[in-house]
Amino acid sequence: MSEAVLYDGAYIKGALEAMLFASGEAVEVSALARAIGITVNDADAYIKDLIEDYGGKRGAEIIRLGSKCQMRTNPAFYGPVNALMRIPEKKTLTQVLLETLAIIAYKQPVTKAAIEEIRGLSADHAVNRLVELDLVRECGRLDAPGRPILFETTDEFMKRFGIASLDELKNMDISSLTEE
């Protein structure tokens, strides 16, 4: 018999909340479930409850990132947190970076050559900048002559754009994301 059977729902939600707070990073739901000794389906249900509990009204929020979840500062309170901590403001993406990021997001995994073919311009600077911003990462090599590097989006990409899965991309309004 699993030890988790002895835990009530409040304890499990508290344990999930504590683990997410302590980790500071996105954590696989399966790892959270294992740590408490519950099923992934049960962990999913408790996490959905926690997301509803927070509901955008508190200073922190819990978000889903595919099979992971994370506790983070509610973006509505970025101003006061920035004033206290003097966090550098995130810059909006230039049109070139946004176009390159969109290609990577929709075509991933994708090579620089494929990006350049779509854009008609060199992608070196844009891809390198997106890697620096942790929006894109190398994810392997294409099995082709020269073995070019493949790129994909990161969890930071999903956090920055407020999406839980790549399926949500088709409904995004990107007009506010570029510099004037």
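This write-up is about the structure you can find in this document.

Criteria and cut-off values
Residues numbered from 1 in each chain as written. Predicted model: local features only at pLDDT ≥ 70, side-chain atom pairs only at ≥ 80, totals over all residues. Heavy atoms only, no water. Axes fitted to C-alpha atoms, helices over the stretch in contact; angles between N-to-C directions. Helix = DSSP H or I, 4+ residues; strand = E, 2+ residues; numbered from the N terminus. Parallel < 35°, antiparallel > 145°, perpendicular 65-115°, else oblique. Contact = heavy atoms within 4.5 Å. Nonpolar A, V, L, I, M, F, W, Y, C, P; charged D, E, K, R; others polar. Left-handed = near helix turned anticlockwise from the far one by under 90°. Expected span 1.5 Å × (residues − 1). Buried < 20%, exposed > 50% of the residue type's maximum accessible area, 1.4 Å probe, protein only. Arc of directions from axis to C-beta.

Packing of helix 1 (residues 9-23) against helix 3 (residues 40-54) leaves a shortest axis separation of 10 Å and a crossing angle of 75°. Accordingly, the angle class assigned to the pair helix 1 and helix 3 is roughly perpendicular. For the pair helix 1 and helix 3, contact is made by G9, I12, K13, L16 and E17 and by A43, Y46, I47, D49, L50, D53 and Y54, respectively. Residue classes in the contact of helix 1 with helix 3 are distributed as seven nonpolar, one polar and four charged.

All right, on to the environment of K159 then. Relative to the assigned elements, K159 resides in helix 8 (residues 155-160). Expressed as a C-alpha distance, the spacing of K159 and L65, which sit 94 residues apart in the sequence, is 7.4 Å. Apart from residues no more than four positions distant in its own chain, K159 is found in contact with I63, L65, Q70 and R72.

This part is about the packing of helix 5 (residues 95-107) against helix 6 (residues 112-119). Where helix 5 meets helix 6, the closest approach of the two axes is 10 Å, and the angle between their N-to-C directions is 120°. Judged on the interaxial angle alone, helix 6 and helix 5 are oblique. Where helix 5 crosses over helix 6, the handedness of that crossing is right-handed. Contacts between helix 5 and helix 6 involve V96, E99, T100, I103, I104 and K107 from the former and I115, I118 and R119 from the latter.

On to helix 1. Compared with an ideal rise of 1.5 Å per residue, which puts 15 residues at 21 Å, helix 1 spans 21 Å between its outermost C-alpha atoms and is within 8% of the ideal. By the burial criterion, the buried members of helix 1 are I12, A15, L16 and L20. The arc that holds every buried residue of helix 1, seen down its axis, measures 130°, which confines them to one face. Facing away from the buried side of helix 1 by more than 90 degrees, the exposed set consists of A10, F21 and A22. Contacts from the buried residues of helix 1 go to strand 1 (27-28), helix 2 (29-36), helix 3, strand 2 (60-65) and strand 3 (68-73). Just beyond helix 1, the residue with positive phi is G24, at close to 70°.

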